[in-house]
Amino acid sequence: MNKIDQLNYNQLKVFISVYEHGQSHQAANELGMTASAVSRTLKILREIFKDSLFIRRASGFVATEKTHQIIPMAKALVEQYQQIEEQHSVFTPAESGGQYIIHAYDEFVYAVKKVIRDDILFEAPNLRFDVRVLTHDCSMELANGDMDFVVVYEGFNGKNLNYEMFSETDSLYILARKDHPLLSQTLTLEAISHYPCLEIDNYDDLTCPLLVNLCREQNLTMEVEGYTDSLASAMRLLSESNAITLSCNQFTRQFVKMLPQIQYIKLPDNLAQKCRIRRRENREIGNYILFGNTNNSAAFNWVKSKLICGLEKEWRLASDE
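Not measured: the values here are computed from a predicted model. (Residues numbered from 1 in each chain as written. Predicted model: local features only at pLDDT ≥ 70, side-chain atom pairs only at ≥ 80, totals over all residues. Heavy atoms only, no water.)

Engineer: Explanation requested: the sheet that holds strand β12 (residues 285–292) in the structure shown.
Structural biologist: Through backbone hydrogen bonds, the strands of a sheet pair up, either in parallel or in antiparallel fashion. What the five strands build is an open sheet, ordered β4-β3-β5-β12-β6; its pairing is mixed. Two strands close off the open sheet at either side, each with one partner strand: β4 (127–133) and β6 (161–167). When strand polarity is set aside, the average angle formed by the axes of neighbouring strands in this sheet is 25°. When strand β3 (residues 98–104) meets β4, the two strands line up parallel, connected through seven bridges. (Pairing = 2+ DSSP bridges. Helix = DSSP H or I, 4+ residues; strand = E, 2+ residues; numbered from the N terminus. Axes fitted to C-alpha atoms, helices over the stretch in contact; angles between N-to-C directions.)

Engineer: Can you walk me through the pattern of salt bridges in this structure?
Structural biologist: Tallied over the full model, the rule gives eleven salt bridges. Residue Lys114 is joined to Asp118 by a salt bridge in which the shortest nitrogen-to-oxygen separation is 3.4 Å. A residue pair is termed a helical-turn pair when its members lie 3 or 4 positions apart in one helix, as Lys114 and Asp118 do in helix α5 (residues 106–120) at four residues. (Salt bridge = Lys/Arg side-chain N within 4 Å of Asp/Glu carboxyl O.)

Engineer: What's the story with the packing of aromatic side chains in this structure? I'm lost.
Structural biologist: Within a pair of aromatic rings, the relevant descriptors are the distance that separates the centres and the angle that separates the planes. Enumeration according to the criterion identifies 16 aromatic pairs in this entry. On the basis of an interplanar angle of 45° and a centroid distance of 6.0 Å, the ring pair of Phe108 and Tyr153 is categorised as tilted. Of the two residues, Phe108 sits in helix α5 while Tyr153 sits in strand β5 (residues 149–154), which places them 45 residues apart along the sequence. Judged by relative accessible area, Phe108 falls into the buried class, the value being 0%. Under the relative-accessibility criterion, Tyr153 is labelled buried at 12%. An aromatic cluster is defined as three or more aromatic residues linked by ring pairs; in this entry it consists of Tyr105, Phe108, Tyr153, Phe166, Phe251 and Trp315. If you follow Lys13 out to its NZ or CZ, it ends over the ring of Tyr9, 4.5 Å from the centre. (Phe/Tyr/Trp six-rings, centres within 6.5 Å; stacked < 30°, edge-to-face > 60°. Buried < 20%, exposed > 50% of the residue type's maximum accessible area, 1.4 Å probe, protein only. Lys NZ or Arg CZ within 6 Å of the ring centre and 35° of its normal.)

Engineer: Would you explain the environment of Asn219 in this entry?
Structural biologist: By the secondary structure assignment, Asn219 is in the loop between α8 (210–217) and β9 (224–228). C-alpha of Asn219 to C-alpha of Leu127: the two residues are 92 residues apart in sequence and 54 Å apart in space.

Engineer: What am I meant to see in α5 here?
Structural biologist: Owing to its 3.6 residues per turn, the α-helix brings residues three or four apart onto one side. Its 15 residues give α5 an end-to-end C-alpha distance of 20 Å, which sits within 8% of 21 Å, the value for a rise of 1.5 Å per residue. When we look at burial in α5, the residues that qualify are Glu107, Phe108, Val109, Ala111, Val112, Val115, Ile116, Asp119 and Ile120. (Expected span 1.5 Å × (residues − 1).)

Below, the structure written as structure tokens:
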């Protein structure tokens, strides 16, 4: 008996996901399923196609020749299903499932998790989120759909990439240990140049810290203490040295208020404007949600709007403190 007529949308999604990841647990995470549910679906698919479809190896699943033949047709069918889903399905948050992968600068991670907990899971408890600290340029992963959202304070340009601003970057701050001599001085480039700069840099897209570059333009020498992508490490290093760091993030300032050994001072507007101009030479600054073109489902767009609105609200609250 031919069982092809039993094939359905969800089975095809599992089939494609296992093919692309080569691991049943990764497919389960992507689809918001359990590993056992993926295994059951693979068993049904093997019966439908009368083929093992995937051979288990130590490195993961290896597709059979029949799987390679079926995959292009399966992807075409899923694309058609997705068009119907996007254009005609009614999205109900409480009934929606699936997993979203979000990478964010260290300073944004807590705010992202707070928005997920308070604003998203409250309405859509079956959604799952994997939130990680961003440590590299993620343009390719976003464009390919391997990552759903990225939260940063710069806009990215690239094929199949989109970004929406959830708040502007306005004030900039110098962070240093509580008894640092710079905190009691008038902030000028000459005064700043006397102390080493610790750069909180999530990936190496600047050849030199902004403050160091500004000092060089005025024939001043500012040493570089080092680089870190960890906010916690940066605060510990600042508390034990004369180093200072520059921050444009209200969530960072909010975090610093809980650390008695660290203080902050607002950078004068003229210096802040110079920093913003220099930073825009590389990327448009602001606070952004980045995402690709691969997913236009109602659920994806709902999560995106919740993240944007929630982070805008959290940024406003942090700015008012």
